[in-house]
Amino acid sequence: MKLKILLPLILLSFLSCFAQAQNPTRVSIKGTLQDTLHQAIPFATVMLLNNSDSSLVNFLSSTDKGEFAFNNVKNSTYLLKVQHMSYLPVQMLLQPSSAAINNIPVVTMKPISQMLMEVVIRAAKAPLRIKGDTVEYDASTFKVPPGSTVEDLLRRLPGIDVDADGNISTQGKDVTRMYVDGKTFFGDDPKSVTKNVGAEAISKVQVYNEKSEQSKLTGVDDGSQEKTMNLELKAEFKKGSFGKVTIAGGTENRWAGRANYNRFNDKSQLSFIGYGNNINQTGVNWEDYGEFKGNNAFNNFDNGDFGFNRNGGRMFYFSSDDSPVSNYDGKGLTENYGAGTNFNFDNKKTKFNASYFYNQTQLDFQQKKYQKTSLVNESAFDQYDTLINSDFRSSHSVATRFEQEFDSSNKLIVKANFRFATNQNHEITSQQFSDTLLKPYNIRTLNNFTDLASYKITSAAIYRHLFKKKGRAFAYSVGYNSNFNDGTENYNSINKFFDATTPTEQIRQMINTNKNVNELKSSALYTEPLSKRVFLEFFYNYSQLTNKSNRQAYPFETEVRIDSLSAYYDQVTMYNRVGSVLRYSYNGLNASVGIAEQQLKLTGLYSLDKGLPWDNQKVTKTFPNFTPNVNVNYEFKNNMRLDLGYSNDISAPDFNDLQPIKNTSNPSYQIIGNPDLIPENAHNVEFGVHYWNPSSFSSIGVNLNYGITMNPIVYSQSSHFDSNKGMITTSTPENMDQGTNMGSWLWSSIPIIKTKLTIDFNGGADMSNRPTRINDTLNDIKSQNYNLGSNLNYTATSKLILSVGGSGGFSKIRYNKSEKNNQDYFNYVIRSSVKWQFIDRMFFESNFNYSVFKNESFGFNQSIPLWNASVRRIMGKKNKFETRLAVFDIFDKNVNINQYALLNIVGTTKTNTLARYFMLSVTYNMKGFENKIQKNRFM
Amino acid sequence: MKRNIPIYIIALFIFLSFQSTGLKAQKLEGTIRYLRTQNWAKMMASVDYISKQQRDRSMYMWGTRSEWKTYTHLHFNATESKYENSEEEAEPGNEGWSDRKEIFFMKCNFKDNTLYDGLTLLGKTYLIHDSIVPPKWKIMNDMKEVAGHICMNASMNDTLRKQNTTVWFALDMPLSSGPDRFIGLPGIILEVDVNNGALIMTADKIDMLPLTTELDVPAKLKGKKVTMSEYTKLIEKQIKERKAAEEPWFWGMSY
């Protein structure tokens, strides 16, 4: 009996289970769209979204009867979303269906209110978003003048009314509540916000309905809502800053300090930097300088000297005008101080930059020099110098740049830099002259002081106009540069002879120099597109350079001028050039052919002193020339690029070379100008191929150049032994027949094991042939330089990077009239380095260089092992501190060696420099240090 | 403006009715020109494996001057579309210099659900015939107007390139096309924003005109034939290698 009752129950429950399980796996979802007047809505977008993440499952468009049907979709929970441009979007949740066809109730859509629609249509670009009942304006698309308040901004927003008293209403209702970033701001009155907050801080304005305070308090929704406005602040408007401070002290009284601080927001950047040290950092490093200059570190290429090269293209260069970047050449010991500030403003249309920098360097060095001067007929003489030099330099520089883009077709750039610099130098030199058999002739001791001050102004304005026709452009530039130098030079020399009969020669002179160079220049460029691929350019350049220089020499402590060493010059160089370029540019081929007619006019007057009558011997020269130019650049498939160029350059002789007056700072080596010089005329051909494989990251490049210079200006050398003056060399610039030079350069980088092991190669060969007059005999001096380098870089792990490599150079100097004096010298260096993060936040860095310098004919052979090592540890909560213990030159062997060759002179110098010291430093970095080895430094 | 609302509304209705009837009657055929703006500093800032210091530095030094603008075209009719680069210079003043044109087109046939792409990757040309697999879109709630069309927004997350993309698609242009690889929504995508401005493509000109040969692809093309998943693997490999070298992955490759 019981079973009779139970069985149906069991059956029933089983059935109901079955019924539930019977939900079809796939269903069709059908429905109809209507507006509030029960009219069908055709062409609406109906989307089926996954309920969990709003991802799109399927979509379709409603039929002209307003119907839609998703057939054969998985039976699951969906969001149904319906959109139509004239209706408010509708979204509804669909539960899994028990029937195979899920007929959903009629979907009713409300038309978008006229006010909203007006806003949508009126606002041209992206100002409005509707999120449910929230309307959001993108404030950045509504332009308000700088300094405007939020109220001014709101007045511009479509659909929002602001009355004369500042009361706000939207969609017919008053805005009663105002938030900033979702929070109440200074009480309840919206006007306290709109009248006080700056419009530029606002990124979004949101308007929505919020439950009244009453219903918020009671928790009972009484249906009354208040119009609420929320102002979202710009993320980037929030200010940022970063900076670093380092202090370091070491053995041998070594010390260093460095600090930099930057503040910025989305439009402006302000930075400060300062340093001081006696470890031969004569300025800041590139990395710090880049951050110091901020978004002005790389300038658009603002060259106003238009010509054969394409102007107006996108090029960037590191602005390095008088940059305070360290430029230590490896000689001596220095003590350095510097500080500067930089300000950038950039709102896309207007860019402004101003910076100031002061730096000073005291340099002291002692040098030993050996040099051989080869003469004709296998003769030569030797010179041993010892030199003690003390040099102080300081400079104040101010740089400004202003760029204004008036509209898309008009742009103006104005730059002005000012620099004031001083230099005091004291040099004591002892020169011993002897023949090649070491028989000494004479010893000359020089004791020279110079004291110079200079002012420099460089300025330029460039204006660019783009015409309506694409490719038609006009550019005009004007520039003014001025340089004023004022100096005093004191020369003292004592010349002693090994031959006892010759009396000691003594010279003591004081020279006042005064030089004022002014340059005014202007250029114009017009580009006309002949077709989409062919362009014709015309350019015109003008410059006038005036050089007024006065040099007055007196014997020590007298006021009687030494006429032979004194002169006042007034020189003018006028330059005019007019030219044209025909350019073809299509699909990777950019080729141009150009020609210009240029005229150089040199006028020089001179007298004994400023105010005295001009001498009859005046220079007036005009050099007209045609200069052609060819340039071809082709991009092959597969990232290969070819460059080919020919240029013809005419360079006027330097005025110093034209002055027939002696410079007596070194009586043993005197340069006398030559008023008969004519310009050099150089023809240069350049060729280059570069290949880059973006997949393997290997690259290779070759560059070749060849040049012939007609009438090259070469310093003729005349050396002889004067029984009263010792060994004297007189050097005079002269135009020779023709000189040639050739150069080649190759580099390559190949990953052997991708991202692990890379090998780099580079090599080059340069040859030059300069005919030189030596002791009135024409001599062919051929010099050849070869260099080769290679480096192997191994990234063992992300915590260990090793590198080993080397490079070497070999120079050959050949004299055809004095073959015995031919010279060969070479140098090479082997390098290795390691960067190792041996424990978390602990790093070991070391490098070892072994350098060898050799000149067998001098019997010169010097090797220098230089080993540096440091351990650093990052500390602090956010890695903000770093301590570093470093040893520089562990073997205490560092010395500076330089081998050189110039015309008939070959020499070697050895100069003292910084050797072993230990140093402990502490750095605080506001942003914290990276707790890893940086693999590369592309930024 | 505030005082003249009735006039505006009347004008609006006239305009609206013109626009909506006009659009419905119009054949879905034409060309969209996109202004493609790449911001190098923002691209760098989105590469998470590069040290924050380097990313901040590039933003600080290049943030305001690293935009690069070009034009691209999307030709479309009711069933097909083709996306390609435009020869037109987007930045006035850049005329007179021409880079090599790499093979680049992306053609979709939405009737057959097939695509045919000709792409240059790392110096090699690839030809891809495959079926269309649209990205996984999330539909969002915002609306705005782009080039005269009311658009809805959707977003996607590209885990390979580490890109968050927001797009705006037109409600009244019912074709699942869009610029570059951004396809598969109920309407043509008129605006794309990758990683908050690192790459922005905005329709700035829409010509609803009959097409002639614009949808054709070059007849004879040399290139390696691959499937879409093989092509994606090539990109994946390159990104992995650049990541190991801690260099931006988009060096030598489109963002």
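Within each chain, residues carry numbers counting from 1 in the order of the written sequence. As they are written, the chains are lettered A onward and the ligands numbered 1 onward, keeping that order. Reporting of local features is limited, given that this is a predicted model, to residues whose pLDDT is at least 70; pairs of side-chain atoms are given and counted only at 80 or more, and all residues count toward the totals for whole chains, interfaces and linings. Hydrogens and waters are ignored; side-chain quantities use all the structure's heavy atoms.

Caption draft 1: Expanded view of the overall build of chain A. Within chain A, the regular secondary structure consists of seven helices and 49 strands. It is over C-alpha atoms that the radius of gyration is taken, and the globule rule equals 2.2 Å times the number of residues to the power 0.38. Computed over its C-alpha atoms, the radius of gyration of chain A comes to 40 Å, more than 25% above the 30 Å expected for a compact globule of 939 residues. Out of the 939 residues belonging to chain A, those deemed buried represent 45%. Any two residues whose heavy atoms approach within 4.5 Å at even a single point are treated as in contact. Within chain A, counting contacts between residues at least 6 apart in sequence, those at least 24 apart form 63% of the total. Residues counted as positive are Lys and Arg, residues counted as negative are Asp and Glu, and His and the chain ends are not counted. Just so you know, the charge point we use is NZ for Lys, CZ for Arg, CG for Asp and CD for Glu. For chain A, the separation between the mean place of its 101 positive charges and that of its 86 negative charges on side chains is 7 Å. A helix here means a DSSP run of H or I that spans at least four residues, while a strand means a run of E at least two residues long, and both kinds are numbered starting from the N terminus. Note on exposure labels: buried denotes an accessible area under 20% of the residue type's maximum, exposed denotes more than 50%, and partly exposed covers the range between, all computed with a 1.4 Å probe on protein chains only.

Caption draft 2: Up close: the overall build of chain B. The number of helices and strands found in chain B is four helices and 12 strands. Burial status across chain B gives 55% buried among its 255 residues. Each accessible area is a Shrake-Rupley result for a 1.4 Å probe, and residues are judged covered by the shown protein chains and nothing else. When the accessible area of chain B is evaluated, it comes to approximately 11400 Å², of which 55% is carbon and sulfur surface.

Caption draft 3: Spatial organisation of the interface of chain A and chain B. Each side of the interface is counted separately: chain A has 97 residues, and chain B has 79 residues. In total, chain A and chain B occlude about 8100 Å² of area from one another, counting both sides; carbon and sulfur atoms represent 55% of this. A carboxyl oxygen of Asp or Glu within 4 Å of a side-chain nitrogen of Lys or Arg is what we treat as a salt bridge. Counting across the interface, chain A meets chain B through five salt bridges. A salt bridge links Lys 470 of chain A to Glu 88 of chain B, with the nearest nitrogen and oxygen atoms 3.5 Å apart. Counting of polar contacts relies on pairs of N or O atoms within 3.5 Å, with two restrictions inside protein: one atom must be capable of donating a hydrogen and the other of accepting it, and residues adjacent in sequence are counted only when both atoms are side-chain atoms. Where chain A touches chain B, the interface holds 22 residue pairs in polar contact (both at pLDDT 80 or more). Per-element tally for the side of chain A that touches chain B: the top contributor is helix 2 (residues 114-122) of chain A, with seven residues. Residue polarity follows a fixed list, in which Ala, Val, Leu, Ile, Met, Phe, Trp, Tyr, Cys and Pro are nonpolar, Asp, Glu, Lys and Arg are charged, and the others, Gly among them, are polar. Its residues assigned to classes, the side of chain A that touches chain B comprises 38 nonpolar, 32 polar and 27 charged. Here's the idea: put two parts together, see how much 1.4 Å probe accessible area each one loses, and the total over both is what we call buried area.

Caption draft 4: Structural context of the environment of Ser 374 of chain A. Residue and element names in this part refer to chain A. When you line up the elements, Ser 374 lands in strand 23 (residues 350-374). When its relative accessible area of 2% is taken as the criterion, Ser 374 is described as buried. In this structure Ser 374 touches Ser 379, Ala 380, Ile 774, Tyr 815, Ser 818, Asn 821 and Asn 904, once residues within four positions along its chain are discounted.

Caption draft 5: Expanded view of the nonpolar core. Within the largest apolar cluster, 63 residues are counted, with the highest numbers of intra-cluster contacts made by Ile 32 and Leu 190 of chain B. Tallying contributions element by element places strand 8 (residues 149-158) of chain B first for this core, with five residues. In plain words, nonpolar cores are sets of buried Ala, Val, Leu, Ile, Met, Phe, Trp, Tyr and Cys residues tied together by side-chain atoms within 4.5 Å. Membership of the second largest hydrophobic core comes to 22 residues, among which are Val 175, Met 178, Val 197 and Ala 199 of chain A.

Caption draft 6: Representation of the packing of aromatic side chains in the model. All names here are of chain A. Between rings of Phe, Tyr and Trp, where Trp is taken as its six-membered ring, a pair exists when centres lie within 6.5 Å; planes separated by under 30 degrees are stacked, by over 60 edge-to-face, and by other angles tilted. Going through the model one piece at a time under the given rule, you end up with 36 aromatic pairs over all chains. Measuring from ring centre to ring centre gives 6.5 Å for Tyr 455 and Phe 484, while their planes differ by 40 degrees; the resulting arrangement is tilted. Note that Tyr 455 is positioned in strand 26 (residues 440-466) and Phe 484 in strand 27 (residues 473-497), a separation of 29 residues in sequence. Here Phe 826 and Tyr 828 contribute two aromatic rings whose centre-to-centre distance is 6.4 Å and whose plane-to-plane angle is 15 degrees, an arrangement assigned as stacked. Taking relative accessible area as the criterion, Phe 826 reaches 26% and is therefore assigned partly exposed. One aromatic cluster is present, built from ring pairs that chain together Tyr 786, Phe 810, Phe 826 and Tyr 828. The residue whose ring lies beneath Arg 872 is Phe 843, and the NZ or CZ to ring-centre distance is 4.1 Å. Any Lys NZ or Arg CZ that is within 6 Å of a ring centre and within 35 degrees of that ring's normal is treated as a charge sitting over the ring.

Caption draft 7: Structural view of the packing of helix 6 (residues 286-293) of chain A against helix 3 (residues 52-62) of chain B. Fitted lines through C-alpha atoms serve as axes, helices being fitted only where they are in contact, and the angles separating the N-to-C directions of these axes extend from 0 to 180 degrees. The geometry of helix 6 of chain A relative to helix 3 of chain B is characterised by a closest axis approach of 8 Å and an angle of 50 degrees between their N-to-C directions. The orientation of helix 6 of chain A with respect to helix 3 of chain B, classified from their angle, is oblique. Viewed along their axes, helix 6 of chain A and helix 3 of chain B form a crossing whose handedness is left-handed. Along the contact surface, helix 6 of chain A presents Trp 286, Glu 287, Gly 290 and Glu 291 of chain A, while helix 3 of chain B presents Arg 57, Tyr 60 and Met 61 of chain B. Angular relationships are summarised with four words: roughly parallel below 35 degrees, roughly antiparallel beyond 145, roughly perpendicular across 65 to 115, and oblique for the angles in between. In this scheme, a crossing is called left-handed if the near helix is turned counterclockwise away from the far one by less than a right angle; it is called right-handed if the turn is clockwise.

Caption draft 8: The arrangement of the sheet that holds strand 8 of chain B in detail. Residues and elements named next belong to chain B. At least two bridges found by DSSP between two strands is the condition for calling them paired. Spatial ordering of the open sheet is given by 7-8-9-10-11-1-2-3-4-5-6-12, a layout of 12 strands whose pairing is mixed. Either end of the sheet is taken by a strand with one partner, and the two such strands are strand 7 (138-146) and strand 12 (224-226). Pairs of neighbouring strands in the sheet enclose a mean axial angle of 20 degrees, with direction left out of account.

Caption draft 9: Structural view of the environment of Phe 535 of chain A. All names here are of chain A. Within the secondary structure, Phe 535 is located in strand 29 (residues 534-555). Judged by relative accessible area, which is 4%, Phe 535 ranks as buried. With 50 residues separating them along the chain, Phe 535 and Asn 485 place their C-alpha atoms 45 Å apart.

Caption draft 10: Focus on the confidence of the model for chain B. When pLDDT is averaged along chain B, the result is 85; 90% of the residues meet or exceed 70. Every residue in residues 1-25 of chain B is under pLDDT 50, and counting partners more than four places away or in other chains gives 26 contacts. A score from 0 to 100, pLDDT tells how confident the predictor is in each residue.

Caption draft 11: Structural detail: the sheet that holds strand 6 (residues 87-94) of chain A. Residues and elements named next belong to chain A. Ordered by their spatial adjacency, four strands build an open sheet running 3-2-5-6, and the pairing between neighbours is antiparallel. A strand with exactly one partner marks an edge of an open sheet, and here the two such strands are strand 3 (56-61) and strand 6. Sheet twist, expressed as the mean angle between neighbouring strand axes with direction ignored, is 15 degrees.

Caption draft 12: Examining unusual backbone geometry more closely. Non-glycine residue Arg 841 of chain A carries a positive phi angle of around 65 degrees. Considering the arrangement of structural elements, one finds Arg 841 of chain A in the loop between strand 43 (823-839) and strand 44 (842-855). Since its relative accessible area comes to 21%, Arg 841 of chain A is described here as partly exposed. Even without being a glycine, Leu 122 of chain B presents a positive backbone phi close to 50 degrees. With respect to the secondary-structure elements, Leu 122 of chain B resides in the loop between strand 5 (114-121) and strand 6 (124-131).

Caption draft 13: Quick look at the domain arrangement of chain A. By the assigned domains, chain A splits into domain 1 (22-109), domain 2 (114-233), domain 3 (255-736) and domain 4 (771-933). Between the C-alpha centres of domain 1 of chain A and domain 3 of chain A there is a distance of 76 Å. Source of the domain bounds: an automatic or database domain assignment.

Caption draft 14: A look at the confidence of the model for chain A. Of all residues in chain A, 91% have pLDDT values of 70 or greater, and the mean over the chain is 87. Within the model, pLDDT remains below 50 along residues 15-19 of chain A, and this stretch shows zero contacts once partners closer than five positions in the same chain are excluded.

Caption draft 15: The arrangement of the pairing of strand 38 (residues 726-735) of chain A in detail. Residues and elements named next belong to chain A. Across the 10 residues that make up strand 38, a large majority, seven, are buried. Examined bridge by bridge, strand 34 (residues 669-671) and strand 38 share three bridges and lie parallel to one another. Bridged to Tyr 669 within strand 38 is Thr 729. Counted along the chain from strand 37 (residues 713-722) to the antiparallel partner strand 38, the turn is three residues long.

Caption draft 16: A look at the pattern of salt bridges. Counted by the stated rule, this structure contains 39 salt bridges over all chains. Between Arg 583 of chain A and Glu 537 of chain A there is a salt bridge, with its nearest N and O atoms 3.1 Å apart. Pair noted here: Arg 583 of chain A is in strand 30 (residues 567-586) and Glu 537 of chain A is in strand 29, with a separation of 46 residues, a long-range link. Neither Arg 583 of chain A nor Glu 537 of chain A differs from the other in exposure class; each is buried. If you follow the salt bridges from partner to partner, you end up with Lys 470 of chain A together with Arg 33, Glu 88 and Asp 204 of chain B in one network.

Caption draft 17: How the structure looks around the pairing of strand 48 (residues 905-911) of chain A. Residue and element names in this part refer to chain A. Burial analysis of strand 48 places six of its seven residues in the buried class, which makes it a mostly covered element. Of the pairings in the sheet, the one linking strand 23 to strand 48 comprises seven bridges and is antiparallel in character. Bridging across to strand 48, Tyr 370 finds its partner in Thr 908. The pairing of strand 47 (residues 896-902) with strand 48 spans seven bridges and is classified as antiparallel. Bridged to Ala 901 within strand 48 is Val 906. In this structure, the hairpin formed by strand 47 and strand 48 is closed by a connection of two residues, where Leu 903 is found at a positive phi of approximately 50 degrees.

Caption draft 18: Representation of the side chain of Ser 696 of chain A within the structure. Counting through the fold element by element, Ser 696 of chain A comes out in the loop between strand 35 (680-693) and strand 36 (698-710). The contacts of Ser 696 of chain A, once residues within four sequence positions are left out, are Pro 751 and Lys 754 of chain A.

Caption draft 19: Focus on the environment of Ser 607 of chain A. Residue and element names in this part refer to chain A. Checked against the element boundaries, Ser 607 lands in strand 31 (residues 589-607). When its relative accessible area of 2% is taken as the criterion, Ser 607 is described as buried. Note: C-alpha distance between Ser 607 and Met 875 (268 residues apart in sequence) is 69 Å. Dropping the residues within four chain positions of it, Ser 607 is found in contact with Ala 567, Tyr 568, Leu 612, Pro 613, Trp 614 and Asp 615. Here Asp 609 takes part through its backbone oxygen, which lies 2.9 Å from a polar atom of the side chain of Ser 607.

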